[in-house]
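Letter by letter, the chains look like this.
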Amino acid sequence: MENLNGIFDLECFFHLSLDWLCVAGFDGYFKKINPAVSKTLGYTESELFAKPIDSFVYPEDRSITASKRESIKKNNPLYNFENRYVTKSGEIVWLSWTSMPVKKQQLVFAIARDITDKKKLEEFSKASIVSAQNNEMQKGTDLSTHNLKPISELSIADQLWLYELETLVRKYIGKVDLIIVLLSNEMGLSERQLHRRIKSTTGVTPNNYIRRIRLLMSMEAINSGKYRTVAEISYIAGFETPAYFRKLFKEFYGRDVVEFLQ
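Residues numbered from 1 in each chain as written. Predicted model: local features only at pLDDT ≥ 70, side-chain atom pairs only at ≥ 80, totals over all residues. Heavy atoms only, no water.

**Quick notes on the sheet that holds strand β2 (residues 30–33)**
Part 1: Pairing is antiparallel in the open sheet, where five strands are placed in the order β2-β1-β5-β4-β3. Edge positions in the open sheet fall to β2 and β3 (78–86), since each of these has one partner strand only. Mean inter-strand twist for the sheet, computed between neighbouring axes without regard to direction, equals 30 degrees.
Part 2: Taken together, the six bridges between strand β1 (residues 20–25) and strand β5 (residues 107–114) define a ladder with antiparallel strand orientation. (Pairing = 2+ DSSP bridges. Helix = DSSP H or I, 4+ residues; strand = E, 2+ residues; numbered from the N terminus. Axes fitted to C-alpha atoms, helices over the stretch in contact; angles between N-to-C directions.)

Structure follows, in structure tokens:
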């Protein structure tokens, strides 16, 4: 068989791959990584080699990751295992791993694909104001004043963009005076650009969109069972007064909030 190195440069292939290509030791440290790893996590190679791999894993995923690692060390290949890593800037990255042990050399050869966007879309479809409205409409809830575009009409790019926006709104939801200038700075757009993007993507104005997220979060707070008064729910959702919140809640859901608290 002709030497593969005569056909193409394997090292070049290693460096050009957009997926993570890793060689790890049974000791839990990276031994070799391609540039995609550093680019995704924001650490230099030296930083990634200096600490146990586990230190870059999202804390809640460390236990299951350690369990999978022990299984690999017993000569069991790993397929499509998903876990989260934390970048240097603190962002969470989702990865899907395929790992093969080489027990004789005490090494693990692994490929990981970044599936963060896929996970964001899954989260968007489950918890966003757009999908929540779709679900309420299917249940027959009175949403006659709602004109949000159905999620099925949104492109993947628009869904991802709205996911980022809604995440920001939820982050600052306790601020009663949440305003467009705050969101525009975070999203890297002018106020006018942000206003146009929200209106064209959702079909409603930014203030209307933010209000809907507040109301969605108020229902999430009710369903959690942790809050028992209108005032508590109003505060959690960032409304100025319980009376104003109660009025908007009834317009949105077609029922008085008190009915859900009994």
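**Structural notes on the confidence of the model for the protein chain**
Part 1: Per-residue pLDDT for the protein chain has a mean of 85; in total, 86% of the residues score no lower than 70.
Part 2: Predicted confidence for residues 134–145 stays below pLDDT 50, and this span has 15 contacts to residues more than four positions away or in other chains. (pLDDT = per-residue confidence, 0-100. Contact = heavy atoms within 4.5 Å.)

**Focus on the nonpolar core**
Burial of nonpolar side chains together is a common tendency in soluble globular proteins.
Part 1: Counting residues in hydrophobic clusters, the biggest one holds 24 residues, and the most contacted among them are W20, L48, Y85 and W97.
Part 2: Among the elements of the structure, β1, β2, α2 (35–41), β3, β4 (92–102) and β5 are those that each provide at least two residues to this core.
Part 3: Contact partners of Y85, with chain neighbours within four places excluded, come to W20, L41, I53, F56, V57, Y58, E91, I92, V93, L95 and W97.
Part 4: Residues L154, V169, M187 and I198 belong to the second largest nonpolar core, which totals 19 residues. (Core = buried A, V, L, I, M, F, W, Y, C linked by side-chain atoms within 4.5 Å. Buried < 20%, exposed > 50% of the residue type's maximum accessible area, 1.4 Å probe, protein only.)

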